[in-house]
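Structural overview
Each chain, letter by letter, is given below.
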Amino acid sequence: WVIRKIRYLGIEFGRNGYRPHKATETFKALYGDCKDTATLITALLQAAGIDSKLVLIRTVDAGAVPPDSLPMPNLFNHCIAYVPALEGHDYWIDCTTDFHRLGEVPHSDETAQVLVVDSAGGSFVKIPGSTSQNNSIEQKFNAKVEKSGAAVLELYDIRCGQFAPAYRELAETPGQYERYIKDYAAKRFNGAEVESLELAKGDEQGPMWMKVKLKSSALATQSGERKSLPVALDPMFLSARYAGDTKRKHDLELFFPWSRKCEIIYQLDKSLSVASLPEEVSLKESFGTYTRTLVRNGETLTIKEALELTRSRIAVAEYEAFKQFCNRVDSLLEQKVLLETK
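So, here is what we can say about the structure in this document. (Residues numbered from 1 in each chain as written. Predicted model: local features only at pLDDT ≥ 70, side-chain atom pairs only at ≥ 80, totals over all residues. Heavy atoms only, no water.)

For the protein, the count of helices and strands is 7 helices and 21 strands. Across its three principal directions, the C-alpha atoms of the protein cover 80 × 45 × 35 Å. Taken over 342 residues, the protein has a buried fraction of 43%. Taking the contacts inside the protein whose residues are at least 6 apart along the sequence as the reference set, 66% of them involve residues at least 24 apart. (Helix = DSSP H or I, 4+ residues; strand = E, 2+ residues; numbered from the N terminus. Buried < 20%, exposed > 50% of the residue type's maximum accessible area, 1.4 Å probe, protein only. Contact = heavy atoms within 4.5 Å.)

Right, let's talk about a nonpolar patch on the surface for a bit. Together, Trp-1, Phe-27, Leu-30 and Leu-44 make up an exposed nonpolar region whose accessible area comes to about 400 Å². Structurally, Phe-27 is set in helix α2 (residues 23–29). Residue classification places Phe-27 among the partly exposed residues on the basis of a relative accessible area of 43%. (Patch = residues over 30% accessible without salt bridge, like charges linked within 9 Å, V, L, I, M, F, W, Y side chains within 5 Å. Areas by Shrake-Rupley, 256 points an atom, 1.4 Å probe, with all protein chains shown as cover. Salt bridge = Lys/Arg side-chain N within 4 Å of Asp/Glu carboxyl O.)

All right, on to the sheet that holds strand β17 (residues 281–285) then. Taken in spatial order, the 8 strands of this open sheet run β10-β11-β9-β8-β15-β19-β18-β17, and their pairing is mixed. Strands at the two margins of the open sheet, each flanked by one partner only, are β10 (193–199) and β17. Averaged over neighbouring strand pairs, the angle between their axes works out to 10 degrees when direction is ignored. As paired elements, strand β18 (residues 288–297) and strand β19 (residues 300–309) share 10 bridges and run antiparallel to each other. (Pairing = 2+ DSSP bridges. Axes fitted to C-alpha atoms, helices over the stretch in contact; angles between N-to-C directions.)

So, about empty space enclosed by the protein. One way to see where empty space is left: roll a probe the size of a water molecule over the atoms. A full pass over the atoms with the stated rule returns 1 cavity of 30 Å³ or more. Estimated volume of the largest cavity: approximately 50 Å³. What lines the largest cavity is Gln-139, Leu-155, Asp-157, Arg-159, Tyr-167, Tyr-177, Tyr-180, Ile-181, Tyr-184, Met-210 and Asp-234. Looking at the lining of the largest cavity, the elements that each hand over two or more residues are β9 (151–159) and α5 (176–188). A per-element tally of the lining of the largest cavity places α5 first, with 4 residues. Across the lining of the largest cavity, the residue classes tally to 7 nonpolar, 1 polar and 3 charged. (1 Å grid on protein atoms, 1.4 Å probe; cavity = no way out; pocket = protein on both sides within 12 Å on 5 of 7 lines; lining within 4 Å. Points joined across faces, edges and corners; volume = space filled by probe spheres on them. Nonpolar A, V, L, I, M, F, W, Y, C, P; charged D, E, K, R; others polar.)

Let us look at the packing of aromatic side chains. If you walk through the whole model with that rule in mind, you get 14 aromatic pairs. Both rings, one in Tyr-242 and one in Phe-322, keep their centres 6.1 Å apart while their planes meet at 55 degrees; by these two values the pair is tilted. Note that Tyr-242 is positioned in helix α6 (residues 238–242) and Phe-322 in helix α7 (residues 319–333), a separation of 80 residues in sequence. Across this residue pair, the class does not change: Tyr-242 and Phe-322 are buried. Taken together, the ring pairs in this structure connect Phe-141, Tyr-167, Tyr-177, Tyr-180, Tyr-184 and Phe-189 into an aromatic cluster. (Phe/Tyr/Trp six-rings, centres within 6.5 Å; stacked < 30°, edge-to-face > 60°.)

With 14 residues, helix α3 (residues 34–47) should cover 20 Å at 1.5 Å per step; its first-to-last C-alpha distance of 20 Å lies within 8% of that length. Counting buried residues along α3, 10 of its 14 residues qualify, which places the element largely inside the surrounding structure. (Expected span 1.5 Å × (residues − 1).)

With that settled, the discussion passes to the pattern of salt bridges. Counted according to the given criterion, the structure contains 18 salt bridges. A salt bridge links Lys-187 to Asp-183, with the shortest nitrogen-to-oxygen separation between them at 3.3 Å. With Lys-187 and Asp-183 both in helix α5 and 4 residues apart, the pair spans about one turn of that helix. Look at Lys-187 and you get exposed, because its relative accessible area is 62%. Each of Arg-4, Arg-101 and Glu-172 takes part in a single network of salt bridges with overlapping partners.

On to unusual backbone geometry, then. Even without being a glycine, Leu-30 presents a positive backbone phi close to 65 degrees. Mapped onto the elements of the fold, Leu-30 is located in the loop between α2 and β2 (31–32). The partly exposed category is assigned to Leu-30, whose relative accessible area is 39%. One non-glycine residue, Phe-255, lies in the positive phi region at around 80 degrees. Here Phe-255 lies in the loop between β14 (252–253) and β15 (258–268).

This brings us to the sheet that holds strand β21 (residues 336–341). Within the open sheet, the 4 strands sit side by side as β12-β13-β21-β16. Their pairing is antiparallel. The sheet is open, and its two edges are formed by β12 (221–223) and β16 (272–276), each paired on a single side. The sheet shows a mean angle of 45 degrees between the axes of neighbouring strands, taken without regard to direction. Where β12 lies against strand β13 (residues 226–230), 3 bridges are found, and the strand directions are antiparallel. Counterpart to Thr-221 in the pairing with β13 is Ser-228.

Attention shifts here to the nonpolar core. By size, the foremost hydrophobic cluster in this structure holds 61 residues, and its most contacted members are Phe-189, Leu-219, Leu-229, Trp-258, Tyr-266, Tyr-290 and Phe-322. Per-element tally for this core: the top contributor is α7, with 7 residues. Among all residues touching Leu-229, those that are not within four sequence positions of it are Val-145, Leu-219, Ala-220, Tyr-266, Leu-268, Gln-335, Lys-336, Val-337 and Leu-339. (Core = buried A, V, L, I, M, F, W, Y, C linked by side-chain atoms within 4.5 Å.)

The following block contains the structure:
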């Protein structure tokens, strides 16, 4: 309620640059800055019998607190709320983020140094960072491929953690998600058209998900005397995203660790048979892994792949190995499954 009803507005003149307004004032005005919304959510939670505390936070873009600093308010640039040990979980709640949900912490808050404030004083701690399993993408494609190469595809896509907010924002703007999916389908699947679309509501808790049905006139394209199918239906373009530099003078910041699991089930027309398959792969580095398996069973071909980047930062000394890893994964995702017509 606080995220959706209290408009963020920072009017930080005089003492209100440091001192929050009373919770009752923010509740009546329906606007406030970070410390106002944190004060309000803390008051509401306490009224509901849930222990909660104010948190002064130094966001990660501000860097670490210098070890010789005096304890001054200007060490911090943000304010959130903290609910300790509720049903076995700690919750850090940032009410200035419109599209994060309970249990999700914005990247700028993760691993930040904070002062948890209570009547007894406070404690200086760090917000835990998320893991690659917290920030995940899971995709499952079912594709029925006709003799002509046309196909009907069904995609079920789930996005968790740092991947979810951007898609919730799309979902809350009327028509925006539909336009995004139509553009995505046309680019990724050779001019495919969207036949149906279901998606999570932008205001519901939990991960962001969508179910989409697509029709492509040429998913399998001609390759000499054969047809070819993509081994990956949603390439990741890791090299362009992360490893475009020849060398680096500073560490590479990935922002957060993440993972993706993808399963493609190709149902081939009886007139089609698999002539050639790409190799199975297992890559393992200190910063991440990539695996791919392929299973053929009659007219059904199942391709499973999993990528995991386990760290948010790549040291300069590791950059060359990381770049080679990205290039290798990208080249694997460009490979094709070759088909013959019976």
